[in-house]
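# Summary of structural features
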Amino acid sequence: MRFFRAVWIFVQGLVAGFSASPIYMAYAAASQEMFIAEYAHVANEGRRMLFILCTLSLVGAFETYRNARHPIQFGQPINMAGTGPKGVPTSVEDHSLARVRSWKTRGMLEKGALMVMPFIYMVVFISTMLCSVGDIVFYYHNGWLEDDGVLSDENDNDVTLTDDMWASDALSSNSFKRKLRIWYVASSLRFGFAMMGWIVVCYCYYVDQVVIEKNMEEAEKMSKRINGIQEQVRRLSGATSTLAAMNKDELELLAKQQKYAMTMTERTLQLRGRSGGNDGPIGSGGGTALGADGAGPALV
């Protein structure tokens, strides 16, 4: 899942970058005629590339939203055990659960960004389809390259096609001007929404990584506490491998702890005997007296 997340972010960044190129060429050219003549050479290749990138970006936007809405069901890298009601991590050291964020834990701004992301890239995709009409017309020189007859003069002599020739002729056509206006609007929309989508993608990724990092730190602390408790249990239970790794001072301290635990256990058994063998809490019946602070049985 993380691999595909990286791929989507990379592709969406490419869309934002490449969609700026036609806009720059259009507004940096000295005239419309010069822009059309120059852009026609790369219009078809750019159309194909942006179509593929916009399609992948749209898929990535839907995939990102789906994984955020249903993190466990759709490919989160969680190692789940077969036992237990809903499955638990197979190891205390497995922190993959810390990377899973439920939809309810996300803020309103993040939820809104995730929900609007597919809409943004849908607009980018539709704008690219509209731009394709103009791109094809530009590439084929508004029909000059589709009809060999236009390359002959009145005396059937061959005429060398130049950029100025077809561009000047195209700008005199109302149909071409209409397609050019559509291209300008669609290309501007594509660039604006692609940049907006890139900002939304970066924001969602940043928030996600900040929260995941915090969860990982908390999981690491919890894992250390659990390991410490498990180690203490192994020491008190007299595990040979654990005792062999301890030095003399640690063993003496452990012996004191075990003696104290033995003393408290024997006293509790004595109180159990006085209460008639009742399995309930000490002091709940059977004439057992409570201590002065009410926190435990009185020692006699």
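A few points on the structure. (Residues numbered from 1 in each chain as written. Predicted model: local features only at pLDDT ≥ 70, side-chain atom pairs only at ≥ 80, totals over all residues. Heavy atoms only, no water.)

### As for the overall build of the protein
What counts is decided by this rule: Elements are defined by DSSP. Helices are runs of H or I of four residues or more, strands are runs of E of two residues or more, and each kind is numbered from the N terminus. Any residue under 20% of the maximum accessible area for its type is buried, any over 50% is exposed, and the rest in between are partly exposed; the area is computed with a 1.4 Å probe on protein chains only. Should any heavy atoms of two residues lie within 4.5 Å, those residues are considered in contact. Each accessible area is a Shrake-Rupley result for a 1.4 Å probe, and residues are judged covered by the shown protein chains and nothing else.
Secondary structure assignment for the protein yields 9 helices and 0 strands. Listed by position from the N terminus, the elements making up the protein come as α-α-α-α-α-α-α-α-α. Counting every position in the protein, which comprises 300 residues, the buried fraction comes to 30%. Counting only contacts in the protein whose residues sit at least 6 apart along the sequence, the fraction spanning at least 24 positions is 67%. Surface exposure of the protein reaches about 18500 Å², of which carbon and sulfur atoms provide 61%.

### Comments concerning empty space enclosed by the protein
Applicable threshold: Points on a 1 Å grid, built from protein atoms alone, make a cavity when a 1.4 Å probe fits but cannot get out and make a pocket when they are open with protein on both sides within 12 Å along at least 5 of 7 lines; residues with an atom within 4 Å of a point are the lining residues. Grid points are joined across faces, edges and corners, and a volume is the space filled by probe spheres set on the points.
As enumerated under the stated definition, the model contains 2 cavities of 30 Å³ or more in all. The computed volume of the largest cavity comes to approximately 40 Å³. Residue lining of the largest cavity: Arg5, Trp8, Ile9, Gln12, Thr64, Met117, Val201 and Cys204, and that is the complete set. Of all the elements in the fold, those that place two or more residues in the lining of the largest cavity are helix H1 (2-18) and helix H7 (174-236). A per-element tally of the lining of the largest cavity places H1 first, with 4 residues.

### Comments concerning the pattern of salt bridges
The cut-off we apply is this: Criterion for a salt bridge: a side-chain nitrogen of Lys or Arg within 4 Å of a carboxyl oxygen of Asp or Glu.
Scanning all chains against the criterion turns up 4 salt bridges. As a salt-bridge pair, arginine 5 and aspartate 208 come within 3.2 Å of each other at their nearest N and O atoms. A residue pair is termed long-range when its members are at least 10 positions apart, and arginine 5 in helix H1 and aspartate 208 in helix H7 qualify at 203 residues. Neither residue differs from the other here; arginine 5 and aspartate 208 are each classed as buried. Overlapping salt bridges, with partners in common, bring together Arg5, Arg106, Glu110 and Asp208 in one network.

### A few points about the packing of helix H2 (residues 20-28) against helix H3 (residues 32-39)
Our working definition: In this analysis an axis means a line fitted to C-alpha atoms, helices contributing only their contacting stretch, and an angle means the value between N-to-C directions, from 0 to 180 degrees. In this count, Pro and Cys sit with the nonpolar residues alongside Ala, Val, Leu, Ile, Met, Phe, Trp and Tyr, while Asp, Glu, Lys and Arg are called charged and the others, Gly among them, polar.
The contact between H2 and H3 brings their axes to 8 Å, and the two run at 145 degrees. Of the residues in H3, those in contact with Pro22, Met25 and Ala26 of H2 are Phe35, Glu38 and Tyr39. Among the residues making up the contact of H2 with H3, the classes are represented as 5 nonpolar, no polar and 1 charged.

### Observations regarding the packing of aromatic side chains
Note the following rule: For Phe, Tyr and Trp, rings pair up if their centres lie within 6.5 Å, where Trp contributes its six-membered ring, and each pair is then called stacked (planes under 30 degrees apart), edge-to-face (over 60) or tilted (otherwise).
Summed over all chains, the structure comprises 15 aromatic pairs. Centre to centre, the rings of phenylalanine 35 and tryptophan 183 are 5.4 Å apart; their planes meet at 45 degrees, and the pair counts as tilted. Residue phenylalanine 35 is found in helix H3, and its partner tryptophan 183 is found in helix H7; the two are separated by 148 residues along the sequence. Through successive ring pairs, a cluster of aromatic residues spans Tyr27, Phe35, Tyr39, Phe138, Phe176, Trp183 and Tyr184.

### Re the packing of H1 against H2
Let me state the cut-off plainly: These descriptions rest on fixed angle ranges, namely under 35 degrees for roughly parallel, over 145 for roughly antiparallel, 65 to 115 for roughly perpendicular, and the rest for oblique.
Axis separation between H1 and H2 bottoms out at 4 Å; the angle between their running directions is 5 degrees. Viewed along their axes, H1 and H2 adopt a mutual orientation that is roughly parallel. Mapping the contact onto sequence places Ala16, Gly17 and Phe18 in H1 and Ala20, Ser21 and Pro22 in H2.

### A short note on the environment of leucine 58
As for its placement among the helices and strands, leucine 58 is situated in helix H4 (residues 43-69). Counting along the chain gives 46 residues from leucine 58 to glutamine 12, while the straight-line C-alpha distance between them is 8.7 Å. Apart from residues lying up to four places away in sequence, leucine 58 is in contact with Pro118, Tyr121, Met122 and Phe125.

### Notes on the side chain of lysine 111
Rules: Asp and Glu are treated as the negative residues and Lys and Arg as the positive ones, with His and the ends of the chain left uncounted.
Turning to its location among the elements, lysine 111 is positioned in helix H5 (residues 108-139). Within the buried core, lysine 111 has no salt-bridge partner, and the shortest N-O distance to an opposite charge, that of glutamate 110, equals 8.8 Å. Setting aside residues no more than four positions away along its own chain, lysine 111 makes contact with Trp103, Lys104 and Arg106.

### Observations concerning H2
What counts, and what does not: Arc, as used here, means the arc of the directions from the helix axis to the C-beta atoms.
Along H2, the residues that are buried comprise Pro22, Ile23 and Ala26. The arc enclosing the buried residues of H2, seen along the axis, measures out at 100 degrees, which places them on a common side.

### Observations concerning the side chain of threonine 128
Stated formally: Any pair of nitrogen or oxygen atoms within 3.5 Å is treated as a polar contact; in protein, a donor-acceptor pairing is required on top of that, and neighbouring residues in sequence qualify only through side-chain atoms on both sides.
By the element assignment, threonine 128 lies in helix H5. For threonine 128, a relative accessible area of 1% gives the class buried. Of note is the side chain of threonine 128, whose polar atom sits 2.9 Å from the backbone oxygen of valine 124. Threonine 128 has contacts with Leu50, Phe51, Cys54 and Arg190, leaving out every residue within four places of it along the chain.

### What to know about a nonpolar patch on the surface
Heads up, the condition is: To count toward a patch, a residue needs a relative accessible area over 30% and no salt bridge; like charges are then connected within 9 Å, while nonpolar side chains (Val, Leu, Ile, Met, Phe, Trp, Tyr) are connected within 5 Å.
On the surface, Phe62, Met122, Ile126, Leu130 and Ile182 cluster together to form a nonpolar patch covering roughly 430 Å² of accessible area. In terms of residue count, the dominant contributor to the nonpolar patch is H5 (3 residues). Here phenylalanine 62 lies in helix H4.

### Some points on the nonpolar core
Heads up, the rule is: We call a set of buried Ala, Val, Leu, Ile, Met, Phe, Trp, Tyr and Cys residues a nonpolar core when their side-chain atoms join them within 4.5 Å.
In this structure, Val15, Leu114, Met117, Tyr121, Val124, Val200 and Cys204 are the most contacted members of the largest nonpolar core, which totals 23 residues. Broken down by secondary-structure element, the contributors of at least two residues to this core are H1, H4, H5 and H7. If sequence neighbours within four positions are ignored, valine 200 has contacts with Ala113, Met117 and Ile120. Among the nonpolar cores identified, the runner-up in size contains 18 residues, and Phe35, Val137, Trp166 and Leu171 belong to it.

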